[in-house]
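Below are the chains, spelled out letter by letter.
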Amino acid sequence: MCTVMGPIVIDFYGRGSAVQDRCVYELMTPTETLNVTILAEFRERRRRDFSFLDRVIVQQLGSNVQTVLGQGGRVWVDGTLVTLTSTPQLFNNMMLSQDQTGVTLQISQTYNLSLFFDGNTAQINVYALTRAVPGNLQGLCSDSGQLSQMKQVGLSNADCALLMGAPFTTCNIDPQPYILSCGYTLCRYPAVDGLKCQFMEAYARDCRIRRNTMMDGWRSSVSCPGPQAFCQGRFCSDHEFCGEKSYGGDTRCFCRAIFASQNGPAFEQSTVCIENTASVTFVGCLLEDFGIDYTALHLKDETCKGQVDNMNHMVSFTFDGHNTCGTVVTANDTHLIYMNTIMSENRSGEIVRSEDVLIDLSCFYDQPDIKSYSIQIRDGSVIQQLRYGQWFYNLTMKVYWDSARTQPIVEGTDIQLNYKIWVELKADGLDSRIVAVVIESCWATHDPLSNGTLRHDLIVNSCANLNDGTVTVESNGQGTTSYFSFNTFKFYGQTGDVYLHCRVHLCGTINNNCVPNCNTNTRRRRSARTNYDVENSALLTLAWIN
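Residues numbered from 1 in each chain as written. Predicted model: local features only at pLDDT ≥ 70, side-chain atom pairs only at ≥ 80, totals over all residues. Heavy atoms only, no water.

Quick look at the state of the cysteines
In the structure shown here, the tally under the stated rule is 12 disulfides. A sulfur-sulfur distance of 2.0 Å marks the disulfide that ties C2 to C141. Judged by the torsion about the S-S bond (-75°), the C2/C141 disulfide is left-handed. Here C141 lies in the loop between β14 (121-127) and β15 (148-149) and C2 lies in strand β1 (residues 2-5), a separation of 139 residues in the sequence. (Disulfide = S-S within 2.5 Å. Helix = DSSP H or I, 4+ residues; strand = E, 2+ residues; numbered from the N terminus.)

A look at helix α3 (residues 195-210)
For α3, spanning 16 residues, the distance from its first C-alpha to its last is 23 Å, which sits close to the expected 22 Å at 1.5 Å a residue. When you tally the buried positions in α3, you get 13 out of 16 residues, the bulk of the element. One or two steps after α3, the chain reaches N212, where phi turns positive at roughly 55°. (Expected span 1.5 Å × (residues − 1). Buried < 20%, exposed > 50% of the residue type's maximum accessible area, 1.4 Å probe, protein only.)

Considerations on the side chain of E440
Structurally, E440 is set in strand β29 (residues 435-445). Among buried charged residues, E440 stands out as having no salt bridge; its nearest opposite-charge side chain is R503, 6.0 Å away. Looking at E440, its side chain comes within polar contact range of the side chain of H505, at 2.6 Å. (Lys, Arg positive; Asp, Glu negative; His and termini not counted. Salt bridge = Lys/Arg side-chain N within 4 Å of Asp/Glu carboxyl O. Polar contact = N/O pair within 3.5 Å; in protein donor to acceptor, adjacent residues only side chain to side chain.)

Remarks on the packing of helix α2 (residues 176-186) against α3
Taken N-terminus to C-terminus, the directions of α2 and α3 make an angle of 165°; their axes are 10 Å apart at the nearest point. In terms of their interaxial angle, α2 and α3 are classed as roughly antiparallel. Helix-helix and strand crossings are classified by hand; for α2 and α3 the assignment is right-handed. Here α2 contributes Y178, S181, C182, T185 and L186 to the contact with α3, which in turn contributes L195, K196, F199, A202, Y203 and D206. Of the residues that constitute the contact of α2 with α3, the class distribution is 7 nonpolar, 2 polar and 2 charged. (Axes fitted to C-alpha atoms, helices over the stretch in contact; angles between N-to-C directions. Parallel < 35°, antiparallel > 145°, perpendicular 65-115°, else oblique. Left-handed = near helix turned anticlockwise from the far one by under 90°. Contact = heavy atoms within 4.5 Å. Nonpolar A, V, L, I, M, F, W, Y, C, P; charged D, E, K, R; others polar.)

Focus: the packing of aromatic side chains
Across all of its chains, the model carries 17 aromatic pairs by this definition. Measuring from ring centre to ring centre gives 6.1 Å for Y338 and Y365, while their planes differ by 80°; the resulting arrangement is edge-to-face. Residue Y338 is located in strand β24 (residues 335-344), and its partner Y365 is located in strand β25 (residues 358-366); the two are separated by 27 residues in the primary sequence. Look at Y338 and you get buried, because its relative accessible area is 1%. By relative accessible area, Y365 is classed as buried at 0%. Ring geometry for Y365 against Y393: centres 5.8 Å apart, planes inclined by 75°, an arrangement best described as edge-to-face. You can see Y365 sitting in strand β25 and its partner Y393 sitting in the loop between β26 (389-390) and β27 (394-400), a full 28 residues away along the chain. We classify Y393 as buried; its relative accessible area is 18%. Put simply, the rings of F168, Y178, Y203 and W218 pair up and form one aromatic cluster. Across from the ring centre of Y483, 3.7 Å away, lies the NZ or CZ of R405, which sits over that ring. (Phe/Tyr/Trp six-rings, centres within 6.5 Å; stacked < 30°, edge-to-face > 60°. Lys NZ or Arg CZ within 6 Å of the ring centre and 35° of its normal.)

Examining the side chain of S114
The topology assignment puts S114 in strand β13 (residues 112-117). What makes S114 buried here is its relative accessible area of 17%. With residues near it in sequence (within four places) discarded, S114 still touches T104, L105, Q106, Q123, I124, N125 and Y127.

Written out as structure tokens, the structure reads:
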């Protein structure tokens, strides 16, 4: 029997040694009589400096198919997750079965091999009916001394020393390797996650298999729970491990120590703004570390809950143009900002037993031609400050012959005076359900400078200039495309180019009316109000030749 539990390997000869790092080790390698390779992968759990057996990998000589025994009773054969029962099933010349205690793999060749793994302990039994097991087996199960030898510190641990008393004394197997392994582990790692009982469970199984000795009542004598394997059936993601909660005796998925240290506090995550969709993703196990139940969180619209990826247990909150989830839109001279809040459910009663959660998340558009890369998510009572993202878009101005804007006026085209043309200002990359392009003003000059001395206004304060009866603002603030028409002209007594300049800004349509009020009766009031700094608006210019 070869037993691997925690960081310890007890080889066929009862010698125990400890793995000191996070690596994959060979437990057995092929021989002329048993052509199978068995690997053990060790990874950290609650502490970065202490590794535990995490999964077992089996591969037969001459086959590229790997069988992986993982946490929670999951088994992959050739990369495919398989469903097992208590009845053995044949997979790639291996018999696999599973019960409430763990997974058993059996291989029958010249010598028979049985491998049991419950997520914490692996026990490999190599046996034959007519001949002794050959002495040419290779790997740590044959010689664990290839690892650093354990110090003789285990006997001082009272829990581990229970293996020297009844009912374990009925077994004719030396308990010292198990006692030393138990003591080595518990002197360096807290006695959590059923760790003490795992060594006793392994010793009892060793006795049952090799000596056919059943030690009835051993669990009650050392205060260990029933035979169901610890965390069996609890599926954790690759960056998690299954452990026991500090209260209630239940289990959950904890973040591995290295992963947790690399990802920082639970709320140091980025808001991602892509294609008019805003989302923030939290690490589920970090939320639980903070005592937060993600199912009790929602956006401003209480129906917008977090969505969990069942593979990695990440929790995502999202809003977009299809479902704004109560998003609030604000605007200033430089940004159009979409804000929402992740919050706790309303409390019931007079007491609470968890922190209030209030996390503001934002995405923003730069007002055209404004370059700014900072926006803020306010921190709530339980969070750190978050980082932010920005949505991007392209803004263009084109001229057309027709009102449907299907016939563009190409460069070099002659245009007669007093001919009606249409000018379109369009933002590509914006969602027209939540953003609108608003033309603030358009005017013509005799030179390329927008503040030239000769000037004629076409649009003033988002409305047609009443002094030019040819101007019609046909669509403004109704979506991501705004356009107007006017009749061409030139400046009196001048020749050369006429330059058309337009300023625009973005307006959030959620809970806002972005269409300017250009009624004649309200024009005076509308013209007197300026919401945006003219110097910070987008300025687009095109020219035509007279």
